[in-house]
Amino acid sequence: MTTTTANTANTANTADAAEAGTGGGTGAGGAAPAGERRTGTDSLITRCRTHLSKGRASLGEMFGGDVEASSSGAWIHTASGRRILNCGGYGVFLMGARHPRVLAEVERQLATNPVATRLLLEPTVVEAAEALVSVTPDGLSKVHFACGGAEAVEAAIKLARAQGRRHLVSTVNGYHGKTMGALSVTGKDTFQDPFRPLLAGVSQVPYGDAGALEGVLARHEDEACVLVEPVQGEAGVIVPPDGYLREVAQLCRRYGALFVLDEIQTGLGRLGHWWGADREGVVPDMLLVGKGLSGGIVPVSALVASPEVFRPFDRDPFIHTSTFSGNPLAMAAAKGAVAALREDELVARAAELGPELRAGIEDTAREVLGDRVREVRGVGLLIGVEFTVPGLAGDLLLELLGAGVLGNHSLNSSGVMRLTPPAVLTAGDVEFLLDAFEYACRAVLD
Ligand SMILES: Cc1ncc(COP(=O)(O)O)c(C=O)c1O
């Protein structure tokens, strides 16, 4: 990796961006001397290797040993004084880091009642549910809160089972998380094989193929539950054919299946719509939300369902519980996140920014990398660049980081680099991103 040039580019831009008022000042009061910096990083890597995971430590090392120290808006600040534009974070940061609206809600809650007893009534969880339901498709009015995305998936699987829908149908390369139930519907052998046996009664159908889905549903009438993403994120930003979700919804109705739309990555504006469901005007039986609901501050996820589908959880509040489900601190974040998205009109902003960025990225990728690029695709601010050459996605990710932009790899598709930029990018940030992308494309050819 050509770190020297890249760091120079980043430093130069740091000044520009600070001047442009992007809220991303270096915050370091000058970088630490190189020797100290290295020693600190080495020690952190060693401690990470000793007490966390060797693999995790190696990953940090491979990504240049940068240490995250703080974050603000679209920018991450490292302990060594670098600033990195955050177009990664696996889709969490649509509103950037530490959005003031979310921060204010969370700070207020922290100072009053961060974790509740769970027996007395508590208002924040009700307010968060109301806020979420105010933006979900009509008819979905019941909420179960959890912490991580996979927990929301578990809740959906249990809710389906409690109503006799014991046959799960998911899609090839689909991603729903890694707890045992969620892993059973995550379509990737690499993640599943070490943990078999998983849940019995799971079928996988090719994504985007309504005919294949119908084949399975016809064999499992009134006993299936279908889990689908509106755009497959971890599979490498796979956009289904127009009308696919409508067909899935119709098939579920025809064959008495429950329809779970996993919008953990795509929801809350990432696609330039509040929900992927809105792009096709469908209303699933259950909608799963995560990532962005945290406001990038406190992890929280949710299952939102119709009252009819939610009935088993309605009847018995102890049938599916978790100590920190609906904790007030997370609820304050969720409330703040919905408010921030609305007040700053970030969904419309994502719709506007997405095509502009995608076009800029595609032009550069094609011009510089030619037929090494298979496709640049995406919806809103979920953008994937697929390469024809093995290893190029990883190389580009490293060069991009060297140039001061963090992207994502794709868990279920090694050939695709994903960008999940925040909707709060300024014009200067967009320019920085596109310049860094061009720099990285040229660098991988060296
Ligand atoms: C569509 C989808 N569902 C579920 C999950 C799992 O969420 P978590 O990693 O928070 O458990 C993810 C995570 O990337 C996801 O993209």
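Residues numbered from 1 in each chain as written. Predicted model: local features only at pLDDT ≥ 70, side-chain atom pairs only at ≥ 80, totals over all residues. Heavy atoms only, no water.

Observations regarding the overall build of the protein
For step 1, the next point in the chain: Tallying secondary structure elements over the protein gives 16 helices and 14 strands in all.
For step 2, the next point in the chain: Rg of the C-alpha trace for the protein: 22 Å, near the compact-globule value of 22 Å for 446 residues, within the 12% margin.
For step 3, the next point in the chain: By its C-alpha atoms, the protein is 65 × 55 × 45 Å across when sized along the principal axes.
For step 4, the next point in the chain: The 446 residues of the protein split such that 53% are buried. (Helix = DSSP H or I, 4+ residues; strand = E, 2+ residues; numbered from the N terminus. Rg over C-alpha atoms; globule rule 2.2 N^0.38 Å. Buried < 20%, exposed > 50% of the residue type's maximum accessible area, 1.4 Å probe, protein only.)

Some details on the sheet that holds strand β9 (residues 286–289)
For step 1, the next point in the chain: Strand order in the open sheet formed by 7 strands is β4-β10-β9-β8-β7-β5-β6, with mixed pairing between adjacent strands. Either end of the sheet is taken by a strand with one partner, and the two such strands are β4 (142–146) and β6 (202–205). Strand after strand, the sheet turns through a mean of 20 degrees between neighbouring axes, direction not considered.
For step 2, the next point in the chain: Along the sheet face, helix α6 (residues 149–161) touches β4, β5 (167–171), β7 (224–228), β8 (258–262), β9 and β10 (301–305) and points at about 30 degrees away from the line of β10. (Pairing = 2+ DSSP bridges. Axes fitted to C-alpha atoms, helices over the stretch in contact; angles between N-to-C directions. Contact = heavy atoms within 4.5 Å.)

Things to note about the site of the ligand
For step 1, the next point in the chain: If you check the shell around the ligand, you find Gly-148, Gly-149, Ala-150, Tyr-175, His-176, Gly-177, Glu-229, Glu-234, Asp-262, Ile-264, Gln-265 and Lys-291 and nothing else.
For step 2, the next point in the chain: In the environment of the ligand, an oxygen atom lies 2.8 Å from a nitrogen or oxygen atom belonging to the backbone of Gly-149.
For step 3, the next point in the chain: Here the ligand loses 81% of its free accessible area of 390 Å² to cover by the protein chains.
For step 4, the next point in the chain: Its residues placed into classes, the shell around the ligand shows 3 nonpolar, 5 polar and 4 charged. (Near = heavy atom within 4 Å. Polar contact = N/O pair within 3.5 Å; in protein donor to acceptor, adjacent residues only side chain to side chain. Areas by Shrake-Rupley, 256 points an atom, 1.4 Å probe, with all protein chains shown as cover. Nonpolar A, V, L, I, M, F, W, Y, C, P; charged D, E, K, R; others polar.)

Description of the confidence of the model for the protein
For step 1, the next point in the chain: Counting all residues, the mean pLDDT for the protein is 92, and 91% of those residues have values of 70 or more.
For step 2, the next point in the chain: Predicted confidence for residues 1–30 stays below pLDDT 50, and this span has 41 contacts to residues more than four positions away or in other chains. (pLDDT = per-residue confidence, 0-100.)

Let's talk about the packing of aromatic side chains
For step 1, the next point in the chain: All told, the structure shown has 3 aromatic pairs when counted by the stated rule.
For step 2, the next point in the chain: Considering the side-chain rings of Trp-75 and Phe-432, the 5.3 Å spacing of their centres and the 35 degrees angle between planes classify their relative orientation as tilted. Placement of Trp-75 in strand β2 (residues 75–78) and of Phe-432 in helix α16 (residues 427–445) is noted, with a sequence separation of 357 residues between them. No difference in accessibility class separates Trp-75 from Phe-432, as the two residues are buried.
For step 3, the next point in the chain: Relative to Phe-313, the ring of Phe-310 lies with its centre 5.6 Å away and its plane at 80 degrees, an arrangement referred to as edge-to-face. (Phe/Tyr/Trp six-rings, centres within 6.5 Å; stacked < 30°, edge-to-face > 60°.)

Quick notes on unusual backbone geometry
For step 1, the next point in the chain: Going from Arg-196 to Pro-197, the amide bond is cis rather than trans, its omega being 5 degrees.
For step 2, the next point in the chain: Position of Pro-197 relative to the elements: it lies in the loop between α8 (189–192) and β6.
For step 3, the next point in the chain: The phi angle at Asp-222 is positive, at roughly 60 degrees, despite the residue not being glycine.
For step 4, the next point in the chain: Mapped onto the elements, Asp-222 comes out in the loop between α9 (210–219) and β7.

Quick notes on the packing of helix α15 (residues 392–402) against α16
For step 1, the next point in the chain: In the contact formed by α15 and α16, the axes pass within 8 Å of each other and the chain directions differ by 125 degrees. In terms of axis orientation, α15 runs oblique to α16. α15 and α16 meet at a crossing whose hand is right-handed. Only Ala-436, Phe-437, Tyr-439, Ala-440, Cys-441, Ala-443 and Val-444 of α16 make contact with α15, whose side of the interface consists of Leu-392, Asp-395, Leu-396, Glu-399 and Leu-400. (Parallel < 35°, antiparallel > 145°, perpendicular 65-115°, else oblique. Left-handed = near helix turned anticlockwise from the far one by under 90°.)

Considerations on the environment of Val-389
For step 1, the next point in the chain: Tracing the sequence through the fold places Val-389 in the loop between β12 (382–387) and α15.
For step 2, the next point in the chain: Separated by 26 residues in sequence, Val-389 and Gly-415 place their C-alpha atoms 7.7 Å apart.

Some details on the nonpolar core
For step 1, the next point in the chain: One finds Phe-145, Leu-293 and Met-417 to be the most contacted residues of the largest nonpolar core, which totals 90 residues.
For step 2, the next point in the chain: If you tally residues by element for this core, the top one is helix α13 (residues 328–343), at 10 residues.
For step 3, the next point in the chain: Apart from the residues within four sequence positions on either side, Met-417 is in contact with Ile-383, Gly-384, Val-385, Phe-387, Ala-393, Leu-396, Leu-397, Leu-400, Asn-408 and Phe-437.
For step 4, the next point in the chain: Among the nonpolar cores identified, the runner-up in size contains 23 residues, and Leu-159, Ala-182, Leu-227 and Ala-305 belong to it. (Core = buried A, V, L, I, M, F, W, Y, C linked by side-chain atoms within 4.5 Å.)

Brief notes about α6
For step 1, the next point in the chain: A rise of 1.5 Å per residue sets the reference length of α6, with its 13 residues, at 18 Å; its end C-alpha atoms lie 19 Å apart and thus fit the reference within 8%.
For step 2, the next point in the chain: The complete set of buried residues in α6 reads Gly-149, Ala-150, Ala-152, Val-153, Glu-154, Ala-155, Ala-156, Ile-157, Leu-159 and Ala-160. (Expected span 1.5 Å × (residues − 1).)

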